[in-house]
Amino acid sequence: MSAFIKSLGDLFEKGNQLNLPYYLTPYEQISEMSIWERCKLYNFTFEAGCVIVLLLLLFVFSFGKNTNVNTANKIYGYLNDYLKTEFSTVAFYRKGENTPYVEENSNTFFTSFATGRAYIESVTVRTELLAKFNPLSIFVERLLRYYFAYLFTDAAVENIEITIKPNNVPLNAPVKKLEEPLPSKYSFISAIVSKSCMNKSRVNNYYMGLTQVVESPNLPIEYIFMSESNQLNSIFKKLGSGNDLNTLLKKSSSFLNYIAFTDLPSEKPLTDTEWEKNLEPRCVISTKVTTDPKELKLITELIDFVFTIYEHLSETDMSVVLSGDISKKVKNLRTQELNKIVKTMKEVALEMAKEKKQEDMKKTNPQAEAALLAKRERRKKHRQQKGAM
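Along every chain, residues carry numbers that run from 1 in the direction the sequence is written. Where local features are concerned, this predicted model is filtered to residues with pLDDT of at least 70; where side-chain atom pairs are given and counted, the filter is 80 or more; whole-chain, interface and lining totals use all residues. Only hydrogens and water are removed before side-chain values are computed, so all heavy atoms of the structure are retained for them.

1. A few points about a nonpolar patch on the surface
Item 1. A contiguous nonpolar surface patch, about 870 Å² in accessible area, is contributed by L136, F139, V140, L143, L144, Y146, Y147 and F148.
Item 2. A run of H or I in DSSP counts as a helix once it spans at least four residues, and a run of E counts as a strand once it spans at least two, with each numbered from the N terminus. Within the fold, L143 resides in helix α6 (residues 135-147).
Item 3. The cut-offs for exposure are 20% and 50% of the maximum accessible area for each residue type, with area from a 1.4 Å probe on protein chains only; residues under the lower value are buried, those over the upper are exposed, and the others partly exposed. Given a relative accessible area of 40%, L143 falls into the partly exposed group. Residues enter a patch when their relative accessible area is above 30% and they make no salt bridge; the linking distance is 9 Å between like charges and 5 Å between nonpolar side chains (Val, Leu, Ile, Met, Phe, Trp, Tyr). To be clear on the numbers: accessible area is Shrake-Rupley with a 1.4 Å probe, and residue cover counts the displayed protein chains and nothing else. We define a salt bridge as a side-chain nitrogen of Lys or Arg found within 4 Å of a carboxyl oxygen belonging to Asp or Glu.

Right, dumping it as structure tokens:
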């Protein structure tokens, strides 16, 4: 550390030496000089370096920001064109103009939305990009992740997350059906996950941690099933139609992270109210960021495949999807998880009550608090003496 400070001091000293002739020139002589003569005498090397650094930072910021915007334009330009063929309302309207997406956090998060379709309530496309306008922060974060990986639970990678929510409303459905809650046949966890991000998916998604991992000959070798019950693995081929699933998965192996059907939240709830609030049936398609039109087309085919599953699920009897045994397992899992949350809440409330009681005792009766501490100390010594014997 001292060597670094010494080097820094030497650097400032050299900077001061640059204009030593100017500083040694008598004030009277400088006063008689013209502006041009003063500029010739003064050494602007340090100031020029500062200007160059500022211009470089401005260039890096503009380049990084424009790179993220161009990436988002390519992604949402393609996906929004596809969604317009499926939904009545796509993207957002701002000041009377159609905005393809909404950007957040200095152009690192982008979101688009589509709604107005039979069987499907909405589709949300969210893209997360690195802060390329700040390469120093990216370097420092990756350095910290390399040496202190246990401090970081999220993945510092770019991704596209597509959330598809069903509405159980077929074509020509009565309006009143829109207000009805989704039936329990939409409440299950079943996912096809790339082996390359299996552990990361468990860490980043609460509901993934509740599943069983199963390798299957019915899937390409790059993927596994992660479902709360092995019997749920068949819904992909039982209810899905259109392009062959295995062919589609094989073609998507370079960028697809997972396709997950769930009704539980991504983050573990801390209260029963939070649990109830975040119960929402949906399908999540997670991919790496890509701007290749061929890969974007494969993403639209994956979305189409999910649409067919929800369409058939809406028209299918519940017993076909969730048989009696599976339905019991699904309900028991949710009951157990909710009970764990309630138990934790009670323990926290009890601990807080104890702390409050102790604080009140300190304020109202300091002598009683001192006596309690002395009693605890005597018990501790008694236990130690008993252990020594």
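2. Concerning a positive patch on the surface
Item 1. Positive charges come from Lys and Arg alone, negative charges from Asp and Glu alone, with His and the N- and C-terminal ends not counted. To locate a charge, take atom NZ for lysine, CZ for arginine, CG for aspartate or CD for glutamate. A cluster of like positive charges, contributed by K375, R376, R378 and R379, occupies part of the molecular surface.
Item 2. On the secondary structure map, K375 appears in helix α14 (residues 366-388).

3. Side note on the nonpolar core
What tends to happen in soluble globular proteins is that the nonpolar side chains get buried as a cluster.
Item 1. Remark: nonpolar core denotes a set of buried residues (Ala, Val, Leu, Ile, Met, Phe, Trp, Tyr, Cys) joined through side-chain atoms within 4.5 Å. Ranked by internal contacts, the top residues of the largest apolar core, which has 54 residues, are I164, F236, I259, F261 and I285.
Item 2. At 11 residues, helix α11 (residues 293-315) tops the list of elements feeding residues into this core.
Item 3. Pairs of residues are marked as contacts when any of their non-hydrogen atoms sit within 4.5 Å. Residues in contact with I259, not counting those within four places in the same chain, are S190, A191, I192, F236, L249, C283, V284, I285, L302 and V306.
Item 4. Counting residues in each nonpolar core, the second largest holds 17 residues, with A191, M208, I224 and V284 among its members.

4. Quick notes on helix α5 (residues 45-84)
Item 1. Look at α5: 57 Å from first C-alpha to last across 40 residues, which is about the 58 Å you get at 1.5 Å a residue.
Item 2. For α5, the complete set of buried residues consists of G64, N68, T71, A72, I75, Y76, L79, N80, Y82 and L83. Here the expected length of a helix is defined as 1.5 Å per residue gap, with one fewer gap than residues.

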